Amino acid sequence: MSNILLVTSSPRGAESLSTRFATEIAEGFKVRLGGTVLTRDLAANPLPHIGQAYIQGRVAAPEARTPEQLKAVGLAQELVDEVKAADVIVLGSGMINFGLSSQLKAWFDHITWPRVTFGYNEAGRPQGLLTGKKVYVVTAAGGVFSEGDWAAFDFQTGYLRHLLGFIGLTDIEIVRVEGTVFGPEAAKAAIAATEAQVRSVLEKAA
Ligand SMILES: Cc1cc2nc3c(=O)[nH]c(=O)nc-3n(C[C@H](O)[C@H](O)[C@H](O)COP(=O)(O)O)c2cc1C
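The protein goes by FMN dependent NADH:quinone oxidoreductase in an unreviewed UniProt entry, where it is assigned to Nitrospirillum viridazoti CBAmc. Entered under Subunit (unreviewed entry) in the UniProt record, the comment concerning the protein runs "Homodimer." Recorded in UniProt for the protein, the comment headed Sequence similarities (unreviewed entry) runs: "Belongs to the azoreductase type 1 family."

As structure tokens, then:
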């Protein structure tokens, strides 16, 4: 039995490949491992940008928080609780301008929280506090970034690994959809390659 958290974030709605394959992985795990899938759809229900209410509210004593701060911190706490409750996290991320969608960035801005999801050890080094979870990340991009000339411009995958690792989520497997903008045949081949990766991920889990 697993608590699976599915986080989707593409602004492309039903056309999104990261949402499609992240959903396939989450639902595939549910069938194979049992348990539940909780979906946090950041595109259908976008989070606000973080602002003063959250930044000041999260360092204020709970009883001293204004109603606005309580609301902002309460939302961040809800998002953190969802991650804490999960055994497996499946994250869908479509590349927007070489990085994350702003929808997904807003999620990280809420859950990257000193003393709650990360701290510092005695040596002063950052230490993630959300440990013991497996994370599958589906990244989708029009170009090819896993190799070749454009690899240096993949500010999505490395950044995701860093953000997740910073809060303790270091056990990460990446599934890529890439090279979908080079015509219908290339897109077909790219999708077939991702389908094979998804099958392999699910077979390993069974
Ligand atoms: C606004 C916008 C910006 C994009 N920026 C890039 C980019 O910088 N590099 C790239 O290779 N593809 C880019 N793409 C293509 C998407 O990464 C591609 O369509 C991918 O499949 C999006 O993920 P999704 O299918 O989950 O929505 C962009 C698409 C949109 C709509």
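Further notes follow.
J.: Which residues make up the sheet that holds strand β3 (residues 88–94), and what values do they have?
T.: The five strands lie next to each other as β2-β1-β3-β6-β7, forming an open sheet whose pairing is parallel. Of all strands in the sheet, those with a lone pairing partner are β2 (35–41) and β7 (171–178), marking the two edges. Across the sheet, the mean angle from the axis of one strand to that of its neighbour is 15 degrees, orientation sign disregarded. Bridge count for β3 against strand β6 (residues 134–141) is seven bridges, and the pairing is parallel. Note on β6: the bridge partner recorded for V90 is Y136. Docked against the sheet, helix α4 (residues 102–111) engages β1 (2–8), β2 and β3, running at close to 140 degrees with respect to β3.

J.: Kindly report on the UniProt feature "domain: Flavodoxin-like fold" (unreviewed entry) in the protein, identifying the contributing residues and their values.
T.: Those residues carrying the UniProt feature "domain: Flavodoxin-like fold" (unreviewed entry) are residues 3–200 in this numbering. In residues 3–200, helix accounts for 40% and strand for 21%; the two terminal C-alpha atoms are 21 Å from one another.

Calculation rules
- Residues numbered from 1 in each chain as written.
- Predicted model: local features only at pLDDT ≥ 70, side-chain atom pairs only at ≥ 80, totals over all residues.
- Heavy atoms only, no water.
- UniProt positions renumbered as here; feature names shortened; annotations may be inferred.
- Pairing = 2+ DSSP bridges.
- Helix = DSSP H or I, 4+ residues; strand = E, 2+ residues; numbered from the N terminus.
- Axes fitted to C-alpha atoms, helices over the stretch in contact; angles between N-to-C directions.
- Contact = heavy atoms within 4.5 Å.

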